[in-house]
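Topology and contacts: notes
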Amino acid sequence: MTLSHLIIDFAHLRHVPVFLVIGELDAALGDPSLSMQLAERTVPVQLMPGMRPDVELLCQRAGALFSGEGALPLCALLLADGRPFLAAPLPPPGFPLDPSRLFVWLTQADRRFSQNLPALMGQASEVIRSFRVPALRRPLSAQDAAHQLMRALNAIEDKANGGFGQIKAPLVTGLRFIQHAAASGDRQAHAALSRALDAMLSSSLYDPLDGSFFRATLTDDWRAFSPEKPLGINAMLALILLESGRRSEAMRTLDSLISTFSLPGGALTPYLRVARDACAFTPEQVCAALGSEPGLRACRLLRLLHQHAREQPRLTPSRFSPVDDAPSRPSIDEEPLCPELSPSLTPEDSAFLRRVLPALLRLRAARTPPQSAPFLLTQDCALAAAVLAQCGQRLGEARYTQAAQRAVSSLSALPGAQGGLLGLPPAFAPASPLLTQATCGAGAALALALLTLGKGEGMGEYAKSGLRLLSATLHAFVTPEGMVMHTPRDPAAFFPRVPALEDSELPSPAALLVHALRMARDMQPEAHYGEAIEAVWQAASPSAAAHPLALAGLIDAVNPL
């Protein structure tokens with residue numbers, strides 16, 4: 001009997017919901033009153049983001065439907081059959097959690113569970129029904145979907161601050177689509193891409209010391225970064241920067257991938273957690289490291305002078321965040337500042353920063369080191385390997401291609417996915433009894449990495465391995481109708497099986513699968529990979545017509561470059 005069956009039986013026996021946390025357990029969850037509430041009224045379970053994207057999608061959909069919020073990390077309440085009926089986001093990493101506010105939310109949900117269970121079961125059914133999209137009256141071509149997506153992106157573009165939407169995440173799938181539109185001659189797309197990249201590179205999202213990016217910022221003007229650097233987002237942004245003509249910035253990000261994200265054995269950690277105080281500098285610290293005159297110049301270019309600092313935003317990033325009634329601190333306060341590039345750098349300024357930034361990087365390295373994730377995500381590592389291989393081939397830099405080979409070799413050496421799915425990689429390592437299922441994202445991303453490496457001279461074995469893995473992924477995750485699913489068919493699965501069409505922070509598994517199919521079609525034109533792409537698109541087109549922004553990765557993948 002697996003752990004998932006034990007959870008089902010335990011929740012049924014006690015007649016309580018499952019309390020699922022997708023994210024790291026905050027220290028505030030150890031509060032005595034809250035922990036007692038969790039133990040008495042729920043069956044607590046934890047997942048780390050990226051391990052089960054299907055579960056994340058289910059819970060995010062519940063949050064969006066019934067609380068208007070669906071961002072990760074989050075907590076959710078599930079019926080004993082694995083269907084979520086309520087969810088709400090937790091504060092992002094680096095921000096505190098108020099246990100009393102979460103306690104109130106749980107108490108209200110517990111009252112509803114005991115008094116009006118049929119209504120909550122109806123909510124859980126509505127979550128599952130939300131994945132069913134009505135059939136189209138007429139077929140939707142990939143070109144028409146691209147036009148709809150471009151209109152949707154134009155509608156949410158922030159022309160004043162750059163980027164899209166209010167909470168500024170990189171939105172790499174949208175940026176990649178706009179980049180391809182700009183390459184085809186769309187001037188409006190080129191301007192939007194330039195505005196977004198300029199804003200990101202001169203904001204708190206970008207770490208100018210090592211060239212990497214944080215996960216997101218929490219204000220519309222790109223401030224208050226979440227102190228976590230994700231592997232997949234950095235890899236995608238490196239590719240976007242390179243193909244947008246920003247070679248030096250792209251290479252700095254790629255160098256950061258192979259230096260700071262690397263693990264023993266060649267694998268790449270899915271994220272780096274950094275301490276805010278390790279990122280911050282006072283002007284005095286910079287001048288002590290560089291000297292008075294160079295230090296003041298670096299402070300001006302990195303916006304580390306207090307008299308030029310903007311007021312810090314007051315944030316309540318989650319309904320479970322503590323309410324801060326204290327007045328905001330003035331910018332003249334001697335609190336350390338985090339470096340940001342000036343948006344008006346001259347070539348001379350850039351050359352000066354290239355000379356002095358290594359000294360500041362060494363100073364920061366002596367502080368609290370970044371913390372790697374305690375697990376390995378196959379999809380993120382394989383996607384980064386595919387980007388490293390592609391960029392290495394474009395730049396003629398062997399170190400990137402070799403890093404991709406090491407990452408792919410480390411993934412190929414992992415034990416295969418359990419459940420009789422021969423040839424498919426595990427979704428993560430080390431494995432857990434609750435999470436033994438393979439995922440489409442892991443198989444598609446690894447196939448894409450192998451096929452990308454297989455394009456190099458003398459790399460034919462990688463291409464053969466990629467084609468074998470691609471065939472196994474198609475067989476396991478694509479239904480006869482062409483619908484791509486997150487998990488393989490398994491009647492004993494704990495969670496409902498849902499389509500893998502929607503993007504998260506990264507391109508959806510369906511998008512990765514289509515990219516791999518395109519490469520396979522180029523390698524073997526006589527095979528039926530083109531027909532597989534068409535079948536996947538026909539099955540996904542109703543969802544693409546209804547939610548083009550959510551399927552930006554797939555729309556980009558099916559359109560010819």
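A few points on the structure. Every residue gets a number counted from 1 within its own chain, in the order that chain's sequence is written. Only residues with pLDDT of 70 or above have their local features reported here, since the model is predicted, and side-chain atom pairs are shown and tallied only from 80 upward, although totals for entire chains, interfaces and linings are computed over all residues. With hydrogens and water set aside, each side-chain value is computed from the structure's full complement of heavy atoms.

**Comments concerning the overall build of the protein**
Here a helix means four or more residues in a row that DSSP labels H or I, a strand means two or more in a row labelled E, and each is numbered from the N terminus. Looking only at helices and strands, one finds 21 helices and 11 strands in the protein. In terms of overall dimensions, the protein has C-alpha extents of about 70 × 65 × 45 Å along its principal axes. Taking all 561 residues of the protein together, the buried fraction comes to 56%. Should any heavy atoms of two residues lie within 4.5 Å, those residues are counted as being in contact. Taking all contacts inside the protein whose residues are at least 6 apart in sequence as the whole, residues at least 24 apart take part in 71%. By element, 55% of the accessible surface of the protein is carried by carbon and sulfur atoms, the whole surface being about 24,100 Å². His is not counted, nor are the chain ends; Lys and Arg add positive charge and Asp and Glu add negative charge. Charge positions are represented by NZ for Lys, CZ for Arg, CG for Asp and CD for Glu. One finds the centroid of the 48 positive side-chain charges in the protein at a distance of 3 Å from the centroid of its 51 negative side-chain charges. Only protein chains enter the area calculation, which uses a 1.4 Å probe; residues under 20% of their type maximum are buried, those over 50% are exposed, and those in between are partly exposed. The Shrake-Rupley method, run with a 1.4 Å probe, gives the accessible areas here. Residue values count only the displayed protein chains as cover.

**A word on the packing of helix α4 (residues 99–115) against helix α5 (residues 117–129)**
Where α4 contacts α5, the two axes come as close as 5 Å, and the packing angle between them is 105 degrees. Taken together, the axis directions place α4 and α5 in an arrangement best described as roughly perpendicular. Two secondary-structure elements touch here, α4 through Arg-112, Phe-113 and Gln-115 and α5 through Leu-117, Leu-120 and Gln-123. Each residue is assigned to one of three groups, with Ala, Val, Leu, Ile, Met, Phe, Trp, Tyr, Cys and Pro labelled nonpolar, Asp, Glu, Lys and Arg labelled charged, and all others, Gly among them, labelled polar. Counted by class, the contact of α4 with α5 contains three nonpolar, two polar and one charged residues. Structural elements are reduced to axes, namely lines fitted to C-alpha atoms, with helices fitted over the stretch in contact, and the angle between N-to-C directions of any two is expressed from 0 to 180 degrees. Oblique is the label for every angle not falling under 35 degrees (roughly parallel), over 145 degrees (roughly antiparallel), or within 65 to 115 degrees (roughly perpendicular).

**A few points about unusual backbone geometry**
Here the bond from Leu-72 into Pro-73 is cis, since omega is -5 degrees, no more than 30 degrees from zero. Structurally, Pro-73 is set in the loop between α3 (53–66) and β3 (74–78). For the bond running from Ala-429 to Pro-430, omega is 0 degrees, close enough to zero to count as cis. Mapped onto the fold, Pro-430 is located in the loop between β11 (428–429) and α17 (440–454). The phi dihedral of Trp-222 falls on the positive side, at around 65 degrees, and the residue is not glycine. Relative accessible area serves as the criterion here: at 3%, Trp-222 is assigned to the buried category. A positive phi angle, near 60 degrees, is found at Ala-224, a position not held by glycine.

**Looking at the sheet that holds strand β2 (residues 43–47)**
At least two DSSP bridges between two strands are required for those strands to pair. Taken in spatial order, the four strands of this open sheet run β2-β1-β3-β4, and their pairing is mixed. The sheet terminates laterally at β2 and β4 (84–89), the two strands that pair on one side only. Adjacent strand axes in the sheet meet at a mean angle of 20 degrees, parallel and antiparallel pairs treated alike. The pairing of strand β1 (residues 18–22) with β2 spans five bridges and is classified as parallel. Bridging across to β2, Ile-22 finds its partner in Leu-47.

**Examining the side chain of Arg-364**
As for its position among the elements, Arg-364 is in helix α14 (residues 347–365). A 3.5 Å cut-off defines polar contacts: any pair of N or O atoms within that distance qualifies, except that in protein one atom must be a possible hydrogen donor and the other a possible acceptor, and neighbouring residues in sequence count only when both atoms are side-chain atoms. A distance of 2.9 Å separates a polar atom in the side chain of Arg-364 from a polar atom in the side chain of Asp-207. Here Arg-364 is in contact with Asp-207, Leu-209, Asp-210, Lys-229, Ala-278, Cys-279 and Phe-281, once residues within four sequence places are set aside.

**Regarding the pairing of β3**
A regular strand places its side chains on the two faces of the sheet in alternate fashion. Of all five residues in β3, five are buried, a share of seventy percent or more. By the bridge criterion, five bridges tie β1 to β3 in an arrangement that is antiparallel. The residue of β3 that forms the bridge with Leu-20 is Ala-76. Relative to β4, β3 runs antiparallel, the two sharing five bridges.

**Things to note about α5**
End to end, α5 covers 18 Å across 13 residues, agreeing with the expected 18 Å (1.5 Å per residue, within 8%). The set of residues buried in α5 consists of Leu-117, Leu-120, Gln-123, Ala-124, Val-127 and Ile-128. Angular distribution of buried residues about the axis of α5 spans 145 degrees; they occupy a single face of the element. Those residues of α5 that are buried lie in contact with α3, β4 and α4. Working rule for helices: expected span equals 1.5 Å times residues minus one. Think of the arc as the fan of directions from the helix axis to the C-beta atoms.

**Structural notes on empty space enclosed by the protein**
A pocket here means an open set of points on a 1 Å grid, computed over the protein atoms alone, that has protein on both sides within 12 Å along at least five of seven lines. A cavity is instead a set of points where a 1.4 Å probe fits but cannot get out; residues with an atom within 4 Å of a point line either one. Grid points are joined across faces, edges and corners, and a volume is the space filled by probe spheres set on the points. Applying the stated criterion across every chain yields a total of two cavities of 30 Å³ or more. Estimates place the volume of the largest cavity at around 60 Å³. Forming the boundary of the largest cavity are Ser-204, Tyr-206, Asp-207, Pro-208, Phe-214, Phe-225, Cys-279, Cys-338, Pro-339, Glu-340 and Arg-364. For the lining of the largest cavity, a count of residues per class yields seven nonpolar, one polar and three charged. Of the voids in this model, the second largest cavity is the one considered here, and its volume is about 40 Å³.

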